[in-house]
Amino acid sequence: YMGNKTEEQDLMKDYSSSSQQRFKIAGSKNFNNVVGPSKFLHLSNICEEIDEKFLRQLFVPLAQVQSFQYFKDSKKMAVASFSSVADAVNILISYHNHDIQGRFLKIAFSKTVIS
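What you see is a predicted model, and the numbers here were worked out from it, not measured in a lab. (Residues numbered from 1 in each chain as written. Predicted model: local features only at pLDDT ≥ 70, side-chain atom pairs only at ≥ 80, totals over all residues. Heavy atoms only, no water.)

## Quick look at unusual backbone geometry
Applicable threshold: Helix and strand labels come from DSSP, where a helix needs a run of H or I of at least four residues and a strand needs a run of E of at least two; each type is numbered from the N terminus. Exposure is judged per residue with a 1.4 Å probe applied to protein chains only, and the accessible area is read against the type maximum: over 50% gives exposed, under 20% gives buried, and values in between give partly exposed.
A positive phi is found at Asn 97, a non-glycine position, where the angle reads about 70 degrees. The backbone of Gln 101 shows a phi angle near 55 degrees, a positive value even though the residue is not glycine. Tracing the backbone through its elements, the reader meets Gln 101 in the loop between strand E4 (98–100) and strand E5 (103–109). Given the relative accessible area of 55%, Gln 101 is considered exposed.

## Brief notes about helix H3 (residues 85–95)
Under the convention used in this document: This arc corresponds to the set of directions leading from the helix axis out to the C-beta atoms. Two residues qualify as a contact provided that any one of their heavy atoms is within 4.5 Å of a heavy atom in the partner residue.
Along H3, the positions that sit buried rather than exposed are Asp 87, Ala 88, Ile 91 and Tyr 95. Each buried residue of H3 lies within a common arc of 100 degrees when the element is viewed along its axis, so the set occupies one face. Contacts from the buried residues of H3 go to strand E1 (40–44), helix H2 (52–59), strand E3 (78–82), E4 and E5. Remark: Asn 97 follows H3 within two positions and exhibits a positive phi of approximately 70 degrees.

Following this line, the structure appears as structure tokens:
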């Protein structure tokens with residue numbers, strides 16, 4: 001981006017003091033899981049009654065899920081892949097903290113790669 005200083009400030013927002021900032025405590029397990037943007041998203045806090053089909057359909061207005069895999073130990077967490085980093089970014093922006101049956105879906109870029 002090659003805008004002026006005022007435009008850059010208008011495009012940025014500081015979330016460091018937000019109550020929903022998961023990466024503010026150095027050494028916490030969330031802090032250790034910070035990864036750069038990729039086409040793989042880690043989904044957590046998934047309601048037990050929600051299935052893969054529901055999540056795939058939820059994201060359809062913005063992107064199609066290419067592959068999906070629940071974690072072995074729990075259906076409360078999963079990894080979903082998208083066709084591009086841009087699609088994954090749009091899903092994260094639009095659906096992080098999305099209320100599904102009283103639970104807020106948590107989305108972050110994933111260390112885990114699935115095919």
